[in-house]
Protein chains: 2
Amino acid sequence: MSRIAYVNGRYLPHQEAGIHIEDRGYQFADGVYEVCEVRHGHLIEERRHLDRLDRSLRELRIPAPMSRTALGLVLKEVVRRNGVINGSVYLQVTRGVARREHVFPAPDTPPSLVVTARRANPATQEATALHGVAVISVPENRWPRVDIKSLSLLPNVLAKQAAKEAGAREAWFVDTDGYVTEGASSNAWIVTRGGAIVTRPAEAGILRGITRTVVVEVAHELGYQLEERPFTLAEAREAAEAFITAASTLVMPVVTLDGSPIGAGHPGPVATALRQRFHDFAEVTA
Amino acid sequence: MSRIAYVNGRYLPHQEAGIHIEDRGYQFADGVYEVCEVRHGHLIEERRHLDRLDRSLRELRIPAPMSRTALGLVLKEVVRRNGVINGSVYLQVTRGVARREHVFPAPDTPPSLVVTARRANPATQEATALHGVAVISVPENRWPRVDIKSLSLLPNVLAKQAAKEAGAREAWFVDTDGYVTEGASSNAWIVTRGGAIVTRPAEAGILRGITRTVVVEVAHELGYQLEERPFTLAEAREAAEAFITAASTLVMPVVTLDGSPIGAGHPGPVATALRQRFHDFAEVTA
């Protein structure tokens, strides 16, 4: 089955799926995106992802490309046409195509919408989670509006590449006060030696992760103590456990930080429990 | 004459000029660009623009899409095919097309190169310079690597739009210490009441503007006192003159800042002299 992409009203073979060179996403990173998990053929937490998309678009004053209902149908159709049972669906909305000028184009410029889907192997993911992943720390160097899920991802690209070259899977941004903000494509969590789960509040300096939101609920339901507060890199080094959350990895245990083991150096019981119970609490689109 | 764009080895009608949806420029702002003035059919300061392009690519470890000589020929051909006598040529290089992952793609992934050209009316530009432009100040909110001329332009877009909505042409970013860093698409300058030209050093916090570099030379040649140091917004409000520099506007007098007049509220003699003499010192490609 060959891949199919949705691009501005058409379902196209992936290889032929193009956008114009003057799409503002290409020239100005003037757009936003979402990645939603697909599990057993269904979208996970679609409602929250589309709520967040609406917020990102509103913050940047980009018009919605279509109604919520229509967008839901496109996502479903892209998943179906690509035969994705387990994997993810990616959507990107930009301010559309216009002669290159920084200022917004004419109000009637239609936004661009691209949707793709791809498969992932749950067994591979589970094997990774069984061993946990390595994380490095990098100085926070993103713009302050990281609450908007925008295409301005160059610092994230560089951080992820630095992680890869250090043999790690993720990079945690650390601000000038020593606090971990979040990962380059995930939220950051620790479990203290006292057993409290700690993650930064979503009010400032991070993206309000959808997986993060669900994991907060899971933690409450499982009776864990949860502290929504910033934590430092020093505190993370002394933690009993650490983990990251994202739609593409769910709850992923972190076993080393900058090359040193976290806790016992293997996935801990809290991260493992949160991962195992995640889908009992996540909302599934019928 | 219809517009023609160069895209990855082909000269295409502008309307049909597209790139793939998984070009890293579109998904990650993972690329850089340059804008070069065209005057009397010739490129202005091409060498310095291509030097800076090389530096931007090197900083991001994106391979050059072709040799300097070949790129020069493409620029010239795009200008020719578009019949541009006066205007600008725009080039953009991205890390190429690859399955969406933050980390760099395989080393053999060819970078993408897009080149466009367009006309400008020198008479319109001169009329604007005769009246000067309005500038507003906005809080600096870009990532620290603004020395790289990257596609991460979303904060610049928002700043320019804020300027437009305030009836202004440009926005000056002001850091938390009150210093002006630069404009959203230009470098920032003032002339003190004592007659000294002041502009921020290109070592930190700004892009090393090519027009800026030439204007530094022009200022020296014309015997002005030049101070390369940061200046505050407060100092700018009290300045005798202010102006901005960019390849697209050259030396453009600033006559109001946040709605208040600068100096006498009309273009000053220093900015006017620098503008008039600019092309006597700029390098022209034969």
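Note that the structure is a prediction, hence the values are computed from the model and not measured.

### Regarding the overall build of chain A
Argument step 1. Looking only at helices and strands, one finds eight helices and 16 strands in chain A.
Argument step 2. Its C-alpha radius of gyration of 19 Å places chain A within 12% of the 19 Å reference for a compact globule of 286 residues.
Argument step 3. Counting only C-alpha atoms, chain A reaches 55 × 40 × 35 Å along its principal axes.
Argument step 4. Within the span of chain A, comprising 286 residues, buried residues form 58% of the whole.

### Brief notes about the interface of chain B and chain A
Argument step 1. Listed by partner, the interface residues are 57 residues for chain B and 57 residues for chain A.
Argument step 2. Of the roughly 4700 Å² buried where chain B meets chain A, counting both sides, 59% is carbon and sulfur surface.
Argument step 3. Counting every contact that joins chain B to chain A gives four salt bridges.
Argument step 4. The tally of links between chain B and chain A comes to 21 residue pairs in polar contact (both at pLDDT 80 or more).
Argument step 5. When residues of the side of chain B that touches chain A are assigned to their parent elements, the largest contribution, nine residues, is made by helix α5 (residues 154-165) of chain B.
Argument step 6. The class makeup of the residues in the side of chain B that touches chain A is 24 nonpolar, 17 polar and 16 charged.
Argument step 7. The sheet contact formed by strand β3 (residues 18-20) of chain A and strand β3 (residues 18-20) of chain B spans three bridges and is antiparallel.

### Side note on the relation of the copies chain B and chain A
Between the two chain copies there is a screw-like relation: a rotation about an axis and a shift along it.
Argument step 1. In the superposition of chain B on chain A (RMSD 0.0 Å, axial shift 0.0 Å), the rotation amounts to 180°. Look at the turn and shift together and you get a two-fold axis relating the two.
Argument step 2. Both copies share a contact surface, since 100% of the interface residues of chain B are interface residues in chain A too.

### Side note on the pattern of salt bridges
Argument step 1. Applying the stated criterion across every chain yields a total of 52 salt bridges over all chains.
Argument step 2. Arg 55 of chain A is the salt-bridge partner of Asp 147 of chain A, the closest N and O atoms lying 2.9 Å from each other. Within this pair, whereas Asp 147 of chain A is found in the loop between β8 (133-139) and α5 (154-165), its partner Arg 55 of chain A is found in helix α2 (residues 46-60), the two being separated by 92 residues in sequence.
Argument step 3. Using a relative accessible area of 30% as the deciding quantity, one classes Arg 55 of chain A as partly exposed.
Argument step 4. With a closest N to O distance of 2.9 Å, Arg 24 of chain B and Asp 30 of chain B form a salt bridge. No difference in accessibility class separates Arg 24 of chain B from Asp 30 of chain B, as the two residues are buried.
Argument step 5. In the salt-bridge network here, residues are joined through shared partners; they are Arg 55, Glu 59, Arg 145 and Asp 147 of chain A.

### As for the sheet that holds strand β7 (residues 112-119) of chain A
Residue and element names in this part refer to chain A.
Argument step 1. Ordered in space as β2-β1-β7-β6-β4-β5, the six strands form an open sheet in which the pairing is antiparallel. Each having just a single partner strand, β2 (10-13) and β5 (42-43) make up the two edges of the open sheet.
Argument step 2. Across two bridges, strand β4 (residues 31-39) lies against β5 in antiparallel orientation. Bridging across to β5, Arg 39 finds its partner in His 42.
Argument step 3. Along the sheet, α2 makes contact with β4, β5 and β6 (87-94), crossing β4 at roughly 175°.

### Side note on the sheet that holds strand β4 (residues 31-39) of chain B
The strands that make up a sheet pair up through hydrogen bonds in the backbone, lying either parallel or antiparallel.
Argument step 1. The strand order β2-β1-β7-β6-β4-β5 (chain B) describes an open sheet built from six strands, whose pairing is antiparallel. Of all strands in the sheet, those with a lone pairing partner are β2 (10-13) and β5 (42-43) of chain B, marking the two edges.

### Quick look at the domain arrangement of chain A
Residues and elements named next belong to chain A.
Argument step 1. Here the domain parsing of chain A yields domain 1 (4-120) and domain 2 (125-281).
Argument step 2. Placing a centre on the C-alpha atoms of domain 1 and another on those of domain 2 gives a separation of 26 Å.
Argument step 3. At the interface, 21 residues of domain 1 touch 20 residues of domain 2.
Argument step 4. Of all residues in domain 1, Tyr 33, Arg 48 and Arg 52 give up the largest surface area on contact with domain 2, accounting jointly for 36% of the area buried on that side.
Argument step 5. Run the count over domain 1 and domain 2 and you get three salt bridges.
Argument step 6. Where domain 1 meets domain 2, there are nine residue pairs in polar contact (both at pLDDT 80 or more).

### Re the confidence of the model for chain A
Argument step 1. Averaged over all residues, the pLDDT of chain A equals 97, while 100% of them reach at least 70.
Argument step 2. Confidence metrics for the complex model read pTM 0.97 and ipTM 0.97.

### Digging into the packing of aromatic side chains
Argument step 1. Within this structure, the stated rule accounts for eight aromatic pairs over all chains.
Argument step 2. Ring geometry for Trp 172 of chain B versus Phe 231 of chain B: centroids 5.9 Å apart, planes at 65°, classification edge-to-face. Residue Trp 172 of chain B is located in strand β9 (residues 170-174), and its partner Phe 231 of chain B is located in the loop between β13 (226-228) and α7 (233-237); the two are separated by 59 residues in the primary sequence. As far as burial versus exposure is concerned, Trp 172 of chain B and Phe 231 of chain B are alike and both buried.
Argument step 3. A cation over an aromatic ring shows up here: Arg 95 of chain A above the ring of Phe 104 of chain A, its NZ or CZ 3.6 Å from the ring centre.

### Some points on the packing of helix α2 (residues 46-60) of chain B against helix α6 (residues 210-221) of chain B
All names here are of chain B.
Argument step 1. Viewed as axis vectors pointing N to C, α2 and α6 meet at an angle of 130°, and their least axial separation amounts to 10 Å. Comparing the axis directions of α2 and α6 gives the class oblique. Relative to α6, the crossing made by α2 is right-handed. Contact residues: α2 offers Arg 48, His 49 and Arg 52, while α6 offers Ile 210, Thr 213, Val 214 and Glu 217.
Argument step 2. When its residues are assigned to classes, the contact of α2 with α6 shows two nonpolar, two polar and three charged.

### A look at helix α4 (residues 122-131) of chain A
Argument step 1. Its side-chain oxygen at 2.9 Å from the backbone nitrogen of Ala 123 of chain A, Asn 121 of chain A defines the N-terminal cap of α4 of chain A.
Argument step 2. One or two residues past the end of α4 of chain A sits Gly 132 of chain A, with phi positive at roughly 80°.

Rules used in this analysis
- Residues numbered from 1 in each chain as written.
- Chains lettered and ligands numbered in written order.
- Predicted model: local features only at pLDDT ≥ 70, side-chain atom pairs only at ≥ 80, totals over all residues.
- Heavy atoms only, no water.
- Helix = DSSP H or I, 4+ residues; strand = E, 2+ residues; numbered from the N terminus.
- Rg over C-alpha atoms; globule rule 2.2 N^0.38 Å.
- Buried < 20%, exposed > 50% of the residue type's maximum accessible area, 1.4 Å probe, protein only.
- Contact = heavy atoms within 4.5 Å.
- Buried area = accessible area lost by both parts, 1.4 Å probe.
- Salt bridge = Lys/Arg side-chain N within 4 Å of Asp/Glu carboxyl O.
- Polar contact = N/O pair within 3.5 Å; in protein donor to acceptor, adjacent residues only side chain to side chain.
- Nonpolar A, V, L, I, M, F, W, Y, C, P; charged D, E, K, R; others polar.
- Pairing = 2+ DSSP bridges.
- Least-squares fit on C-alpha atoms with pLDDT ≥ 70 in both.
- Axes fitted to C-alpha atoms, helices over the stretch in contact; angles between N-to-C directions.
- Domains from an automatic or database assignment.
- pLDDT = per-residue confidence, 0-100.
- Phe/Tyr/Trp six-rings, centres within 6.5 Å; stacked < 30°, edge-to-face > 60°.
- Lys NZ or Arg CZ within 6 Å of the ring centre and 35° of its normal.
- Parallel < 35°, antiparallel > 145°, perpendicular 65-115°, else oblique.
- Left-handed = near helix turned anticlockwise from the far one by under 90°.

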